[in-house]
Amino acid sequence: MGNQVFRVTFSPDGNASGDARGSVIVVEDITAIKLADELNQIQTELKHIMEDAPTLSSAANDILKTTAERLGCDAGLLWTLEPGHDVLRCAQVWSRPDTGLAAFVGSTLNTALLRGSTALGKVWACEAWTSARGVWIQHLDEMLAHVGPPDDFTRQGFRSCVALPIPTPSGVVGVLEF
């Protein structure tokens, strides 16, 4: 979504005899309402994708593509927890065909992150994993500017990032990153 959404209501204002005295214009920011509606629609679409898929990995590309496209993101990544290890591995990457992200996809796919990793450009995936809460970095360039030299994320021009844990009753099994 990214842009603010406003509802504008216009009503003429008149006196008792019906003569126009002016008008009332109300401008209301409904961005949060539209975002909540969009997220509910995405959740419904993802539910249908998961109902039709036997496993997370078989649904991964459709999940990443649907979510990224609906949110207006150029790429989506699925990080999965390796059973018996404290490691997140990038299991799937989806990117818009016209973004020129082939090198990024190649360098990111199968990357492993240890719990607590502070690898530049990957810290938010680990934070979502360990805290079991979503992480949103609105101004990625500003956050990474104080950490060190550019990494794959900043070189590709990513401006923001969201990482969402995939919770189960036994704990977080992965992270979706956009």
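This section reports on the structure supplied with the text. Predicted, not measured: the structure shown is a model, and the values here were computed from it.

Description of the environment of Phe10
With respect to the element layout, Phe10 can be found in strand β1 (residues 6-14). For Phe10, a relative accessible area of 54% puts it in the exposed group. Taking the C-alpha atoms as reference points, Phe10 and Val27, 17 residues apart in sequence, are found 8.9 Å from one another. When residues no more than four places from it in sequence are discounted, the contact partners of Phe10 are Ser23, Val24 and Ile25.

Here's the deal with the nonpolar core
Ranked by size, the top nonpolar core spans 17 residues in total, and within it Leu77, Trp79, Leu88 and Val175 carry the most contacts. Secondary structure elements with two or more residues in this core: β3 (75-81), β4 (87-95), α3 (102-108), α4 (123-131), β6 (135-137) and β8 (171-177). In contact with Leu77, other than residues within four places in its own chain, are Leu64, Cys90, Gln92, Val93, Phe104, Thr108, Val175, Leu176 and Glu177. Residues Ile42, Ala53, Cys73 and Val162 belong to the second largest nonpolar core, which totals 16 residues.

So, helix α1 (residues 31-52)
Look at α1: 32 Å from first C-alpha to last across 22 residues, which is about the 32 Å you get at 1.5 Å a residue. Within the sequence span of α1, burial applies to Glu38, Ile42, Leu46 and Ile49. All buried residues of α1 project into a common sector of 75° when viewed along the axis, lining one side. Looking at α1, the residues exposed on the side facing more than 90 degrees away from the buried face are Ile33, Gln43, Lys47 and Glu51. Looking at the buried positions of α1, the neighbouring elements they touch are α2 (56-71).

Side note on the sheet that holds β8
Pairing in this open sheet of six strands is antiparallel, and the strands run β5-β4-β3-β8-β7-β6 from one edge to the other. The open sheet terminates on both sides in strands that have one partner only, identified here as β5 (112-114) and β6. Ignoring which end each strand starts from, the neighbouring axes of this sheet average 20° apart. Sitting on the sheet, α2 is in contact with β3, β4, β7 (161-168) and β8, with an inclination near 55° to β4.

Let's talk about α2
Roughly 30° is the biggest bend found in α2, and it falls at Asp62. Of the positions making up α2, those classed as buried are Ala59, Ala60, Ile63, Leu64, Thr66, Thr67 and Ala68. Tucked inside the fold, the buried residues of α2 contact α1, β3, β4 and β8. Gly72 occupies a position one or two residues after α2 and carries a positive phi of about 75°.

Overview of the pattern of salt bridges
One pass over the structure, following the stated rule, counts eight salt bridges. The shortest N-O distance in the salt bridge between Glu51 and Lys47 comes to 4.0 Å. Of this pair, Glu51 and Lys47 are both found in helix α1, four residues apart, which corresponds to roughly one turn of the helix. Taking the relative accessible area as the measure of exposure, Glu51 reaches 51% and is therefore exposed. Here Lys65 makes a salt bridge to Glu69, at a shortest N to O gap of 3.1 Å. Here the residue Lys65 and the residue Glu69 both occupy positions in helix α2, the gap between them amounting to four residues, near one helical turn. Classification of Lys65 by relative accessible area gives partly exposed; the value is 32%.

Digging into the pairing of β7
Inspection of the sheet shows β6 paired to β7 by three bridges, in the antiparallel sense. Among the inter-strand pairings, Trp136 is bridged to a residue of β7, identified as Val162. In terms of strand pairing, β7 meets β8 through six bridges, oriented antiparallel. Along β8, the bridge assignment pairs Pro167 with Val172. Hairpin remark: β7 followed by β8, antiparallel, with two residues in the connecting loop.

What counts as what
- Residues numbered from 1 in each chain as written.
- Predicted model: local features only at pLDDT ≥ 70, side-chain atom pairs only at ≥ 80, totals over all residues.
- Heavy atoms only, no water.
- Helix = DSSP H or I, 4+ residues; strand = E, 2+ residues; numbered from the N terminus.
- Buried < 20%, exposed > 50% of the residue type's maximum accessible area, 1.4 Å probe, protein only.
- Contact = heavy atoms within 4.5 Å.
- Core = buried A, V, L, I, M, F, W, Y, C linked by side-chain atoms within 4.5 Å.
- Expected span 1.5 Å × (residues − 1).
- Arc of directions from axis to C-beta.
- Pairing = 2+ DSSP bridges.
- Axes fitted to C-alpha atoms, helices over the stretch in contact; angles between N-to-C directions.
- Bend = angle between axes of the 7 residues up to and from the residue.
- Salt bridge = Lys/Arg side-chain N within 4 Å of Asp/Glu carboxyl O.

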